[in-house]
Amino acid sequence: MRSLQIAIFLTVILPDMIVVGIVGGKDAKIEDFPYVAQIQQREKQKDPWTNFCTAVILSEDWIITSALCLQAPMINRRVLAGFVDISDPNKQIRTIKHVKRHPHFDRKFKIDKDDAVFENDIAVLELDTPFTFGPTCNKLPYSTSKDVVDKNRCRISGWGGIDINQTDAEILQYTDISVLTLDECDQLTEAPLVNSQICAIDKNLEKQACYGDGGGPLTCLAGKTRVLCGLFSWLYTFCDGDNPFAYTNVTHYASWIKRETGIEGFP
């Protein structure tokens, strides 16, 4: 349990340690990931902007991410999209108009084995100015039904650390990933997951989401359509690929997303 405590402490309490890719991932191409956005932060107005969290574009005006990423004042946050290379000068940069966290989000770490960690870790953000959609910037539908999703064809992406040393990545990283049932996950972790969470793991124990990937997407195929199924929430231990890691189950919150944004999901 101590390893879980350490991982969550580093991710939530020490945001300066959040860096930028997926451990063991590959460089992404923008045409495959036009829906991935980045949330940046700065401590003061004159400070440089730094990478903080990952997010997903739902429409020209709305993005979705982890509630854990939105604890500080939004005056020192902004959203970027339309790129996979951090040095790309052609980013779309937007300020945040409004934030809606899930009303029952619980960021407290629980020490009892029977307590779930970070339930309702989900938030939507409205932008001051809409994105301009095109080949490099576009929306991703969110899943409203677990029954139409092929959990053997899932993928994660983000700008978090790319290895156990939290080495920076210059290009958005992605990898294919496996989804476990909650019963399977309980056999591998000390902290239980609940129906509002998804357990992911690389069966080769080499790849996983890492610090800085918070709010990043877990997408799966529903027929020929790629849909948003999860948002990265927390990891069991350090970024070594040896253990499962948890995503907020977006399907569980489909009604809440529609109510807050007016955006229909898939199907």
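Here, the structure is the one placed above.
Figured I'd write up the structure that's included with this text. (Residues numbered from 1 in each chain as written. Predicted model: local features only at pLDDT ≥ 70, side-chain atom pairs only at ≥ 80, totals over all residues. Heavy atoms only, no water.)

It is worth spelling out the sheet that holds strand E4 (residues 62–65) at this point. Spatially, E6-E5-E2-E3-E4-E8-E7 is the arrangement adopted by the 7 strands of the open sheet, whose pairing is antiparallel. Strands at the two margins of the open sheet, each flanked by one partner only, are strand E6 (92–94) and strand E7 (96–101). Adjacent strand axes in the sheet meet at a mean angle of 35 degrees when their direction is disregarded. Relative to strand E8 (residues 123–127), E4 is paired through 4 bridges, and the arrangement is antiparallel. (Pairing = 2+ DSSP bridges. Helix = DSSP H or I, 4+ residues; strand = E, 2+ residues; numbered from the N terminus. Axes fitted to C-alpha atoms, helices over the stretch in contact; angles between N-to-C directions.)

The next thing to look at is the packing of aromatic side chains. Scanning the model with the defined rule gives 6 aromatic pairs in all. Taken together, a centroid distance of 5.1 Å and an interplanar angle of 40 degrees make the contact between Phe 33 and Tyr 174 tilted. Residue Phe 33 is found in the loop between strand E1 (26–27) and strand E2 (36–41), and its partner Tyr 174 is found in strand E10 (residues 173–180); the two are separated by 141 residues along the sequence. Neither residue differs from the other here; Phe 33 and Tyr 174 are each classed as buried. A centroid spacing of 5.2 Å and a plane angle of 25 degrees characterise the contact between Phe 83 and Trp 159, whose relative ring orientation is stacked. Separated by 76 residues along the polypeptide, Phe 83 in the loop between strand E5 (77–81) and E6 and Trp 159 in the loop between strand E9 (150–158) and E10 bring together distant segments of the chain. Trp 159 matches Phe 83 in its accessibility class, with the two residues each being buried. One residue, Arg 77, lies across the ring of Phe 52, its end atom 4.4 Å from the ring centre. Sitting over the ring of Phe 83, Lys 91 keeps its end group 5.2 Å from the ring centre. (Phe/Tyr/Trp six-rings, centres within 6.5 Å; stacked < 30°, edge-to-face > 60°. Buried < 20%, exposed > 50% of the residue type's maximum accessible area, 1.4 Å probe, protein only. Lys NZ or Arg CZ within 6 Å of the ring centre and 35° of its normal.)

This part covers the nonpolar core. Grouped together as the largest cluster of nonpolar side chains are 34 residues, with contacts concentrated most on Ile 57, Ile 63, Leu 70, Val 79, Phe 131, Leu 193 and Trp 234. Put simply, the parts of the chain that give this core at least two residues each are E2, strand E3 (50–57), E5, E7, E8, helix H2 (182–186) and strand E11 (197–201). Top element by residues in this core is E3. It accounts for 4 residues. Residue contacts for Val 79: discarding those within four places in its chain leaves Ala 37, Gln 38, Ile 39, Ile 63, Gln 92, Ile 93, Arg 94, Ile 96, Leu 127 and Phe 131. Membership of the second largest hydrophobic core comes to 27 residues, among which are Ile 30, Phe 33, Val 250 and Ala 254. (Core = buried A, V, L, I, M, F, W, Y, C linked by side-chain atoms within 4.5 Å. Contact = heavy atoms within 4.5 Å.)

It is worth spelling out the state of the cysteines at this point. Per the stated rule, a full pass over the model turns up 4 disulfides. A sulfur-sulfur distance of 2.1 Å marks the disulfide that ties Cys 53 to Cys 69. Where Cys 53 bonds to Cys 69 through sulfur, the torsion about that S-S bond is close to -85 degrees, and the disulfide is left-handed. Within this pair, whereas Cys 53 is found in strand E3, its partner Cys 69 is found in the loop between E4 and E5, the two being separated by 16 residues in sequence. For the pair formed by Cys 53 and Cys 69, the shared burial category is buried. Between the sulfur atoms of Cys 210 and its disulfide partner Cys 239 the distance amounts to 1.9 Å. Taking the torsion about the S-S bond as the criterion, the Cys 210 to Cys 239 disulfide, at about 90 degrees, is right-handed. Placement of Cys 210 in the loop between E11 and strand E12 (217–222) and of Cys 239 in the loop between strand E13 (225–235) and strand E14 (245–249) is noted, with a sequence separation of 29 residues between them. Judged on exposure class, the residue Cys 210 and its partner Cys 239 are both buried. The thiol of Cys 229 is unpaired, and the distance to the nearest cysteine sulfur, on Cys 220, comes to 3.9 Å. (Disulfide = S-S within 2.5 Å.)

Our next topic: the side chain of Thr 261. Position of Thr 261 among the secondary structure elements: in helix H3 (residues 254–261). A distance of 2.7 Å separates the side chain of Thr 261 from the backbone oxygen of Ile 257, its partner in a polar contact. In terms of polar contacts, Thr 261 uses its side chain to reach the backbone amide nitrogen of Ile 263, at 3.1 Å. When neighbours within four sequence positions are excluded, Thr 261 is seen to be in contact with Trp 62 and Val 124. (Polar contact = N/O pair within 3.5 Å; in protein donor to acceptor, adjacent residues only side chain to side chain.)

Under the counting rule described, the total for this entry stands at 3 salt bridges. Residue Glu 260 is joined to Lys 100 by a salt bridge in which the shortest nitrogen-to-oxygen separation is 3.4 Å. Of this pair, Glu 260 sits in helix H3 while Lys 100 sits in strand E7, placing them 160 residues apart in sequence. Classification of Glu 260 by relative accessible area gives partly exposed; the value is 22%. Residue classification places Lys 100 among the partly exposed residues on the basis of a relative accessible area of 23%. The salt bridge partner of Lys 258 is Glu 264, with a shortest N-O separation of 3.1 Å. (Salt bridge = Lys/Arg side-chain N within 4 Å of Asp/Glu carboxyl O.)

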